[in-house]
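Residue-level structure breakdown
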Amino acid sequence: MAAPMKAKCWPWWGAVMTTRIFVSLDAAALSVGAGPVAAAVRAEIAARKLDAKLVRNGSRGLLWLEPLLAIETPEGRIGYGPVTAADVKSIFDAGPKADHPLKVGLVEAIPYLAKQQRLTFARVGITDPISMEDYEAHGGLKGLRRALDMAPAAIVQEVADSGLRGRGGRGLSHRHQMEDRAGTEAAQKYIVCNADEGDSGTFSDRMIMEGDPFALIEGMAIAGVAVGATKGYVYIRSEYPHAFRQMTRAIEVARAKNLLGTNVLGSNRIFDMEARLGAGAYIAARKPRCWKAWKGGRGQIRFKPPLPAIEGLFGKPTVVNNLVSRWRACRSSLRRAAAHYKNFGLGRSRGTMPIQLAGNIKHGGLIELAFGTTLRELIYDYGGGTYSGRPVRAVQVGGPLGAYWPTNLFDVPFDYEAFAAKGGMVGHGGVVVFDDSVDLAKQARFAFHFCAIESCGKCTPCRIGSQRGAETVDKIMRGERVVENIDIVRDLCETMRDGSLCALGWAHPHAGDERHGAFP
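One structure accompanies this document, and this report is about it. (Residues numbered from 1 in each chain as written. Predicted model: local features only at pLDDT ≥ 70, side-chain atom pairs only at ≥ 80, totals over all residues. Heavy atoms only, no water.)

1. Focus: the overall build of the protein chain
- The number of helices and strands found in the protein chain is 20 helices and 16 strands.
- In the protein chain, of all internal contacts separated by at least 6 residues, the share reaching a separation of at least 24 is 72%.
- Only carbon and sulfur atoms are counted for the fraction: they give 54% of the accessible area of the protein chain, which is about 20,600 Å². (Helix = DSSP H or I, 4+ residues; strand = E, 2+ residues; numbered from the N terminus. Contact = heavy atoms within 4.5 Å. Areas by Shrake-Rupley, 256 points an atom, 1.4 Å probe, with all protein chains shown as cover.)

Here is the structure:
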């Protein structure tokens, strides 16, 4: 009987080990054809009997190059993009040492990526997202192992020293939440990650869950050790089916590898977690509405007290954060110590911020930089200007509740305090670009309409004010009593800002106040 044919090594550089070829499984890459590209790569490997392995990694965040195909070489990963299934054969024929029309060179050397300061996204797009071995080889579990050797109070202090704040909304300190829960006596406590990423132009949480889910698990486990919680939940919006499946798979692997369970990394500590799928509602992205929603209730605001530190999920003390990236940043601050993390940023805004460029932009994607960059740098140095080639008119920062920033404010430092001083907010870091063809009156009308359809209906200023706002903007656009109706819109904005019970009502009109630099 003839011996089986041995797989060929890649002839391109005389490699003697299995070559890895990377095609992203990120939802953004899948939406533009990464699935057929991956199938074509598998077919070429089989047809040529090559000693190669296809790895479905996360996205590097260079979304204009997706589907991005990367081939591992001794010099680094050589990238090609955007690739179609029909391009794969010619890429294999040429090999990474030869020229190809889609070749972009070393992925790490692409300026868009090379100029970034990636802490939270250091592994995303580098590793196999479901390989614990790959995760550890790239620095994973160092933060948790360090935390397991520390007293809970010391962990909380380390997070406090790092200056870590929330990566959304008002940028509240992470320290206070952990201190409050750690000081509460209870037989059961919970850690909750609210991954209902509903802001327009945002996708960083999804990228982490799809591309580096073990980092989220590790960050939540660290918080569990710090406050004495033994159970965690990740609440994922129904519009993220890929992220939900990936997180579910990662949790199963984490249990099998003792990252979760009754003996976390051999420490006799208990921490387990599960992913829950939400029904889909913008207001469910705010605590405690997320746990109301996943229990089948209406996602409505709850009056305080009681605070979640005393009575949260299932009536127990709960640490809940609205952003995946905040738990990732918590892990980063423990991995390399607070001093390293605090070296990034400026003022009270420490660390880095994952910024998502979207809208009418030439090079959309994920950019992680220290606080202090500017919108001008983001839009032109990274984004390359508008996709249409027309001048920029304005950008909206912070989702549908955020301000529209005119070009004369593009040099304001990108940090919480500087943005708040101009009537805007950093929010989740979404930056949506509009060129000079945009009708800002229509955008103002959309803001009111969005608030009206997403309102939970509990408070009158939000429920009625948003509807009346949309109707009044319609009158202005028709030219009816323009001056008087503009005054009515301003009055509605003040009423919603000062009288609404939650951010859906009070945040969306405040940027339109003429006393601030940003406008609706």
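2. Quick word on the sheet that holds strand β5 (residues 103-106)
- Strands sit in the order β2-β1-β3-β4-β5 across an open sheet of 5 strands; the sheet is mixed. Looking along the sheet, the strands with just one partner apiece sit at the ends: β2 (52-55) and β5. Sheet twist, expressed as the mean angle between neighbouring strand axes with direction ignored, is 20°.
- Where strand β1 (residues 19-23) lies against strand β3 (residues 69-73), 3 bridges are found, and the strand directions are antiparallel. By the bridge assignment, Phe 22 is partnered in β3 with Ala 70. (Pairing = 2+ DSSP bridges. Axes fitted to C-alpha atoms, helices over the stretch in contact; angles between N-to-C directions.)

3. Structural notes on the packing of aromatic side chains
- A complete count under the given rule lists 11 aromatic pairs for this structure.
- Centroid distance Tyr 135 to Phe 214: 5.6 Å. Interplanar angle 55°. Geometry classified as tilted. Of this pair, Tyr 135 sits in helix α5 (residues 132-137) while Phe 214 is found in helix α10 (residues 213-227), placing the two residues 79 residues apart along the sequence.
- Taking the relative accessible area as the measure of exposure, Tyr 135 reaches 1% and is therefore buried.
- A ring pair is formed by Phe 371 and Tyr 416, whose centres lie 5.2 Å apart and whose planes are at 40°; its orientation type is tilted. (Phe/Tyr/Trp six-rings, centres within 6.5 Å; stacked < 30°, edge-to-face > 60°. Buried < 20%, exposed > 50% of the residue type's maximum accessible area, 1.4 Å probe, protein only.)

4. Description of the environment of Gly 266
- Inspection of the secondary structure assignment puts Gly 266 in the loop between α11 (241-256) and β8 (272-277).
- On a C-alpha basis, the gap between Gly 266 and Leu 148 in space is 9.9 Å, while along the polypeptide they are 118 residues apart.

5. Re the pairing of strand β13 (residues 365-370)
- Across the 6 residues that make up β13, a large majority, 6, are buried.
- The sheet contact formed by strand β12 (residues 352-359) and β13 spans 6 bridges and is antiparallel. Within β13, the residue paired with Ile 355 across the bridge is Ile 367.
- Between the end of β12 and the start of β13, which pair antiparallel, lie 5 residues.

6. Concerning the sheet that holds strand β16 (residues 430-435)
- An order of β13-β12-β16-β14-β15 is seen for the 5 strands of this open sheet, with the pairing classed as mixed. Each edge of the open sheet is held by one strand with a lone partner, namely β13 and β15 (403-406). Between one strand axis and the next, the sheet turns through 30° on average, direction left out of account.
- Strand direction decides the pairing type here: strand β14 (residues 392-397) and β16, joined by 5 bridges, are antiparallel. In the strand pairing of β16, Val 397 is matched with Val 431.
- Against the sheet, helix α15 (residues 375-382) engages β12, β13, β14, β15 and β16, with an angle of about 115° to β14.

7. Re α11
- Helix length check: α11, at 16 residues, gives a terminal C-alpha distance of 23 Å against a target of 22 Å (1.5 Å per residue), a fit within 8%.
- Turning to α11, its buried residues number three or more, namely Ala 243, Gln 246, Met 247, Ala 250, Ile 251, Val 253 and Ala 254. When α11 is viewed along its axis, its buried side chains cluster within an angular range of 165° and face the same direction.
- Buried residues belonging to α11 abut α5, α9 (204-211), α10, β7 (231-236) and β8.
- Backbone geometry just downstream of α11 places Asn 258 in the positive-phi region, at approximately 65°. (Expected span 1.5 Å × (residues − 1). Arc of directions from axis to C-beta.)

Read these as spatial facts, not as claims about activity.
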